[in-house]
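Each chain is listed here by its residues.
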Amino acid sequence: MSEPPAMELPDPEALARVHALAERRLSPEEFEAYVRAPMSDAEREEILASVAWFMKRYPTPGERLAAARRAYAQWAKSMPRTG
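First, a word on scope: everything that follows refers to the structure included in this document. (Residues numbered from 1 in each chain as written. Predicted model: local features only at pLDDT ≥ 70, side-chain atom pairs only at ≥ 80, totals over all residues. Heavy atoms only, no water.)

Some words on the layout of surface pockets
Then, number 1: Its boundaries defined by the atoms lining it, the largest pocket holds a volume of some 460 Å³.
Then, number 2: Forming the boundary of the largest pocket are 14 residues, of which E3, P4, Q74, K77 and S78 lie nearest the centre.
Then, number 3: Among the residues forming the lining of the largest pocket, the class breakdown is 8 nonpolar, 3 polar and 3 charged. (1 Å grid on protein atoms, 1.4 Å probe; cavity = no way out; pocket = protein on both sides within 12 Å on 5 of 7 lines; lining within 4 Å. Points joined across faces, edges and corners; volume = space filled by probe spheres on them. Nonpolar A, V, L, I, M, F, W, Y, C, P; charged D, E, K, R; others polar.)

This is the structure in structure tokens:
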């Protein structure tokens, strides 16, 4: 299987903004509001369908763990280097 084409990275200013958003700390009130927000029926159905697909695709705990490790490795490889 061949490697996917390299992605063009966003400009440094855009990366800095995304990083700042991703790393910001929520206040206890913001966190509580997010956690307590009601889930829509559509969100619930989508989550349950995703879980059902994943469990069918990876029926054993070992297969699920291996899939999660592969996904994490792929994600980590795609992240731009910082620092």
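Back to the write-up after that little detour.
Regarding the pattern of salt bridges
Then, number 1: This model, assessed by the stated rule, comprises 4 salt bridges.
Then, number 2: A salt bridge links D41 to R44, with the shortest nitrogen-to-oxygen separation between them at 3.3 Å. With D41 and R44 both in helix α3 (residues 41-57) and 3 residues apart, the pair spans about one turn of that helix.
Then, number 3: We classify D41 as exposed; its relative accessible area is 56%.
Then, number 4: The exposure class of R44 is partly exposed, given its relative accessible area of 39%. (Salt bridge = Lys/Arg side-chain N within 4 Å of Asp/Glu carboxyl O. Helix = DSSP H or I, 4+ residues; strand = E, 2+ residues; numbered from the N terminus. Buried < 20%, exposed > 50% of the residue type's maximum accessible area, 1.4 Å probe, protein only.)

Here's the deal with the packing of aromatic side chains
Then, number 1: All chains considered together, the criterion is met by 4 aromatic pairs.
Then, number 2: With a centroid separation of 6.4 Å and 50 degrees between ring planes, the pair formed by W53 and F54 is classed as tilted.
Then, number 3: Classification of F54 as partly exposed rests on a relative accessible area of 30%.
Then, number 4: Linked through ring pairs, W53, F54 and Y58 together constitute an aromatic cluster. (Phe/Tyr/Trp six-rings, centres within 6.5 Å; stacked < 30°, edge-to-face > 60°.)

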